[in-house]
2 protein chains.
Amino acid sequence: MAEAIKLFQYNTLGALMAGLYGGSLTIGELLEHGDLGIGTLDSIDGELIILDGKAYQAKGSDGKPEVVEVSNDVKVPYAAVVPHQAEVIFRQRFEMSDKELEERIESYYDGVNLFRSIKIKGSFKNMHVRMIPRSAPDTKFADVATRQPEYTMENVSGTIVGIWTPEMFHGVSVAGYHLHFISDDHTFGGHVMDFIIEEGLVEVGPVDQLDQRFPVQDRQYLFAKFNVDEMREDITKSE
Amino acid sequence: MAEAIKLFQYNTLGALMAGLYGGSLTIGELLEHGDLGIGTLDSIDGELIILDGKAYQAKGSDGKPEVVEVSNDVKVPYAAVVPHQAEVIFRQRFEMSDKELEERIESYYDGVNLFRSIKIKGSFKNMHVRMIPRSAPDTKFADVATRQPEYTMENVSGTIVGIWTPEMFHGVSVAGYHLHFISDDHTFGGHVMDFIIEEGLVEVGPVDQLDQRFPVQDRQYLFAKFNVDEMREDITKSE
């Protein structure tokens with residue numbers, strides 16, 4: 001039997017959206033656990049994209065989208081990575097909306113009760129992304145959410161990376177797809193809102209286990225008061 | 001730094017209560033991951049108690065409570081175990097209800113956002129437990145729940161073992177305490193409903209990580225349709 005594939009999740013999306021924006025795990029430590037994934041940076045400073053074992057930050061600075069490589073010492077408050085191994089691979093040969101492509105991807109699943117890794121390398125007629133703006137720890141996520149820069153790029157080649165989460169883990173993560181994008185030339189990327197794919201190669205990877213970590217030495221996390229129902233609704237609304 | 005303590009959870013309480021009663025992990029495999037814990041047996045045949053690295057089954061057969069040791073080849077549909085290491089230890093010197101003792105235990109927590117292991121060895125003025133009755137896989141949990149045998153034992157010495165779960169993981173597990181009991185003479189035990197402790201030694205152990213496993217080769221699990229909101233409510237009602 002092949003080695004079990006673990007989804008490594010640091011902290012929870014719920015805790016992040018409850019305002020715990022301070023980074024406490026380094027990119028270097030994160031990359032030991034996977035080569036594909038998503039997350040955000042310290043002070044929710046943009047979108048984290050892990051592709052082929054390298055970390056990139058997509059942010060909207062001065063009204064322009066920007067992508068930079070992230071060094072190993074930068075800290076993250078939330079991230080999820082997996083040692084991606086394609087188990088289902090198919091070529092998408094004709095134009096589809098994100099919703100149509102997602103349905104096609106799900107048609108290859110053996111049920112919806114396991115996590116999965118997703119990688120889609122292709123040409124996109126358009127790609128609509130957003131980047132979370134760097135925010136002070138006491139800023140409410142609902143306020144942050146209203147002022148997230150959004151960009152649409154037309155005719156862009158690049159890769160979507162991300163995680164599929166079973167509904168039971170909504171709150172811990174976001175149920176369904178959580179996808180980030182980075183262009184091939186590393187100048188454009190972010191949290192995927194919607195897209196039209198022209199053609200591409202879609203990979204779905206298995207996840208056998210969830211390796212859930214907590215910021216066990218972060219006083220803010222330990223003593224945070226979470227309203228979990230509200231948290232789940234917030235994630236549904238904003239993700 | 002000491003080695004991280006992992007809570008090993010096999011399957012989810014939500015999936016169990018959605019009717020997936022078939023065992024798919026052996027007790028032998030389970031015990032490799034912890035020496036203290038809780039769960040149930042194949043066909044939800046009673047309550048599983050893991051104490052000091054040994055597995056016991058508490059069941060209500062023919063109207064009598066019974067406890068038997070479980071062999072390594074028996075399979076479980078759901079269980080959670082941890083290599084328990086006491087981090088907070090206190091002696092409870094006077095009589096308290098379960099609610100009072102739970103409040104006292106929580107007063108020693110550094111926040112409520114981490115899992116914890118719980119072990120309470122003591123004398124109990126009374127101990128009220130229930131045992132889930134062996135059921136066919138197509139039996140609805142709501143129906144099973146209405147016919148769970150309950151027993152109260154007076155003046156009994158024994159040990160409570162279990163897990164504290166942060167609210168964010170409700171559904172995956174049950175938020176708050178999930179406790180099972182076994183008497184010192186191994187003749188009485190079950191899922192703890194309520195109790196009055198006379199005196200005892202209380203141990204709380206840290207959990208740094210959640211090692212969440214799934215029955216990845218169980219077709220029933222893979223293709224089950226879960227109503228997650230209903231599932232969370234059911235757990236709240238019945239646990």
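Above this text is the structure in question.
Note that the structure is a prediction, hence the values are computed from the model and not measured.

Trainee: Describe in detail a negative patch on the surface, supporting the description with residues and values.
Mentor: A cluster of acidic residues, A:Glu167, B:Asp229, B:Glu230 and B:Glu233, forms a negative patch on the protein surface. Within the fold, B:Asp229 resides in helix 6 (residues 228-238). The class for B:Asp229 is exposed, based on a relative accessible area of 52%.

Trainee: Summarise the pattern of salt bridges; cite the residues concerned and give the values.
Mentor: Under the criterion given, the structure shown has 19 salt bridges over all chains. The salt bridge partner of A:Arg116 is A:Asp110, with a shortest N-O separation of 3.0 Å. Its relative accessible area of 4% is what places A:Arg116 among the buried residues. B:Asp52 is the partner of B:Lys119 in a salt bridge, and the nearest nitrogen-oxygen pair spans 3.0 Å. Of this pair, B:Lys119 sits in strand 11 (residues 116-130) while B:Asp52 sits in the loop between strand 4 (47-51) and strand 5 (54-61); the two residues are 67 residues apart in sequence, bridging distant segments of the chain. Relative accessible area serves as the criterion here: at 15%, B:Lys119 is assigned to the buried category. One network of salt bridges, in which partners are shared, links A:Asp98, A:Lys99 and A:Glu102.

Trainee: Explain the environment of B:Gln209 residue by residue, including any values.
Mentor: Mapping B:Gln209 onto the fold places it in strand 15 (residues 209-213). Judged by its relative accessible area of 8%, B:Gln209 falls in the buried class. Separated by 34 residues in sequence, B:Gln209 and B:Ala175 have C-alpha atoms that sit 16 Å apart. Setting aside residues no more than four positions away along its own chain, B:Gln209 makes contact with A:Asp211, A:Gln212, A:Arg213, A:Phe214, B:Ala4, B:Ile5, B:Lys6 and B:Leu7. Polar contacts involving the side chain of B:Gln209 include one to the side chain of A:Arg213, which spans 3.2 Å.

Trainee: Help me get a handle on the environment of A:Ala145, residues and values and all.
Mentor: Mapped onto the elements, A:Ala145 comes out in helix 4 (residues 141-146). With relative accessibility at 28%, the residue A:Ala145 sits in the partly exposed group.

Trainee: Would you mind going over the relation of the copies chain B and chain A in detail, with residue names and values included?
Mentor: It takes a turn of 180° to lay chain B on chain A, together with a shift of 0.0 Å along the axis; the resulting RMSD is 0.0 Å. Given the turn and translation reported, the copies of this chain are related as if by a two-fold rotation axis. In terms of C-alpha distance to the rotation axis, chain B has B:Asp211 as its closest residue, with the C-alpha 2.5 Å off the axis. Interface overlap between copies is the fraction of interface residues in one copy that are interface residues in the other; for chain B against chain A it reaches 100%, indicating a shared surface.

Trainee: Account for the nonpolar core, naming residues and giving values.
Mentor: Counting residues in each nonpolar core, the largest one holds 66 residues, and the members touching the most others are B:Ile105 and B:Met127. The greatest single-element share of this core, amounting to 6 residues, is contributed by strand 12 (residues 150-165) of chain B.

Trainee: Explain helix 3 (residues 98-106) of chain A to me, using residue names and the numbers behind them.
Mentor: Residues and elements named next belong to chain A. When we look at burial in helix 3, the residues that qualify are Asp98, Leu101, Glu102 and Ile105. Projected onto a plane normal to the axis of helix 3, the buried residues spread over an arc of 100° and lie on a single side. Those residues of helix 3 that are exposed and angled more than 90 degrees off the buried face are Lys99 and Glu103. Elements in contact with the buried residues of helix 3: strand 9 (88-92), strand 10 (96-97), strand 11 (116-130), strand 13 (176-183) and strand 14 (189-206).

Trainee: With reference to specific residues and values, describe the interface of chain B and chain A.
Mentor: Counting residues at the interface gives 31 residues for chain B and 31 residues for chain A. For the pair chain B and chain A, the summed buried surface comes to about 3,000 Å²; carbon and sulfur atoms form 62% of the total. Together, B:Asn113, B:Met168 and B:Phe214 form the three largest contributors to the area buried by chain B at its contact with chain A, with a combined 24%. Across the contact surface, chain B and chain A share 14 residue pairs in polar contact (both at pLDDT 80 or more). Looking at the side of chain B that touches chain A, the elements that each hand over two or more residues are helix 1 (13-17), strand 15, helix 5 (219-223) and helix 6 of chain B. Looking at the side of chain B that touches chain A element by element, the count peaks at 5 residues for strand 15 of chain B.

Procedures and definitions
- Residues numbered from 1 in each chain as written.
- Chains lettered and ligands numbered in written order.
- Predicted model: local features only at pLDDT ≥ 70, side-chain atom pairs only at ≥ 80, totals over all residues.
- Heavy atoms only, no water.
- Patch = residues over 30% accessible without salt bridge, like charges linked within 9 Å, V, L, I, M, F, W, Y side chains within 5 Å.
- Areas by Shrake-Rupley, 256 points an atom, 1.4 Å probe, with all protein chains shown as cover.
- Salt bridge = Lys/Arg side-chain N within 4 Å of Asp/Glu carboxyl O.
- Lys, Arg positive; Asp, Glu negative; His and termini not counted.
- Charge placed at Lys NZ, Arg CZ, Asp CG, Glu CD.
- Helix = DSSP H or I, 4+ residues; strand = E, 2+ residues; numbered from the N terminus.
- Buried < 20%, exposed > 50% of the residue type's maximum accessible area, 1.4 Å probe, protein only.
- Contact = heavy atoms within 4.5 Å.
- Polar contact = N/O pair within 3.5 Å; in protein donor to acceptor, adjacent residues only side chain to side chain.
- Least-squares fit on C-alpha atoms with pLDDT ≥ 70 in both.
- Core = buried A, V, L, I, M, F, W, Y, C linked by side-chain atoms within 4.5 Å.
- Arc of directions from axis to C-beta.
- Buried area = accessible area lost by both parts, 1.4 Å probe.

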